[in-house]
Amino acid sequence: MNYQYRIKVEEKNNGEKLYIPQVGTPKLKILSHTQHLWLEWDNLYPELDYKYIYDPETQLPVSKEYKIESVEIKKSWSVSFKTEQEANDVIEFHKEQERRIELDKVKNVYFIKK
């Protein structure tokens, strides 16, 4: 599928920015005499696997890292990130996920007569 990608930036009153990865799906609406093509924007919702980093002395968590397990397209749910790079990582993961799906699709079918 021909997706378009963008990052939605929400800026709070305190200056903090949140980055939300989005995907645009092409849609075509056919009316009586006209055709209307547009992109329907939805949020990319990653499933994240968190790993906590612990302080060796206190055994308390000091930070956490995550790994993207999968990415889904959601209409009403969103996950925001603190940096543009994190949101871009989700987009790149979705592109790779879609590329793998395309490679697994059946290209053609034929029969060998015996």
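**Points about the confidence of the model for the chain**
Part 1 of the reasoning: Looking at the chain as a whole, the pLDDT averages 88, with 99% of positions reaching at least 70.
Part 2 of the reasoning: Between the elements of the chain, mean pLDDT differs from a low of 83, seen in strand 4 (residues 61-74), to a high of 94, seen in strand 1 (residues 4-11).

**A word on the sheet that holds strand 2 (residues 17-30)**
Paired through backbone hydrogen bonds, the strands of a sheet run either parallel or antiparallel to each other.
Part 1 of the reasoning: Taken together, the four strands give an open sheet; going across it, the order is 1-2-3-4, and neighbouring strands pair in antiparallel fashion. Of all strands in the sheet, those bounded by a partner on one side alone are strand 1 and strand 4. Between one strand and the next, the sheet's axes are offset by a mean angle of 35°, whatever the strand orientation.
Part 2 of the reasoning: Here strand 2 pairs with strand 3 (residues 35-54) via nine bridges, running antiparallel. Each bridged residue has a counterpart across the sheet, and for Lys27 the counterpart in strand 3 is Trp38.
Part 3 of the reasoning: Strands strand 1, strand 2, strand 3 and strand 4 of the sheet are contacted by helix 1 (residues 84-104), whose axis makes an angle of about 40° with strand 4.

**A closer look at the pattern of salt bridges**
Part 1 of the reasoning: What the rule picks out here adds up to 10 salt bridges.
Part 2 of the reasoning: Ionic pairing is found between Glu40 and Lys75, a salt bridge with its closest N-O pair at 2.7 Å. With a gap of 35 residues between them, Glu40 in strand 3 and Lys75 in the loop between strand 4 and helix 1 connect regions that are remote in the sequence.
Part 3 of the reasoning: Given a relative accessible area of 27%, Glu40 falls into the partly exposed group.
Part 4 of the reasoning: By relative accessible area, Lys75 is classed as exposed at 61%.
Part 5 of the reasoning: Taken together, the salt bridges that share partners define one network made up of Glu40, Asp42 and Lys75.

**Examining the packing of aromatic side chains**
Part 1 of the reasoning: Inspection of every chain in the model, using the stated rule, returns three aromatic pairs.
Part 2 of the reasoning: The ring centre of Trp41 lies 4.0 Å from the NZ or CZ of Arg6, which sits over that ring.
Part 3 of the reasoning: Lying over the aromatic face of Tyr45, Lys74 brings its terminal NZ or CZ to 5.6 Å of the ring centre.

What counts, and at which threshold
- Residues numbered from 1 in each chain as written.
- Predicted model: local features only at pLDDT ≥ 70, side-chain atom pairs only at ≥ 80, totals over all residues.
- Heavy atoms only, no water.
- pLDDT = per-residue confidence, 0-100.
- Helix = DSSP H or I, 4+ residues; strand = E, 2+ residues; numbered from the N terminus.
- Pairing = 2+ DSSP bridges.
- Axes fitted to C-alpha atoms, helices over the stretch in contact; angles between N-to-C directions.
- Contact = heavy atoms within 4.5 Å.
- Salt bridge = Lys/Arg side-chain N within 4 Å of Asp/Glu carboxyl O.
- Buried < 20%, exposed > 50% of the residue type's maximum accessible area, 1.4 Å probe, protein only.
- Phe/Tyr/Trp six-rings, centres within 6.5 Å; stacked < 30°, edge-to-face > 60°.
- Lys NZ or Arg CZ within 6 Å of the ring centre and 35° of its normal.

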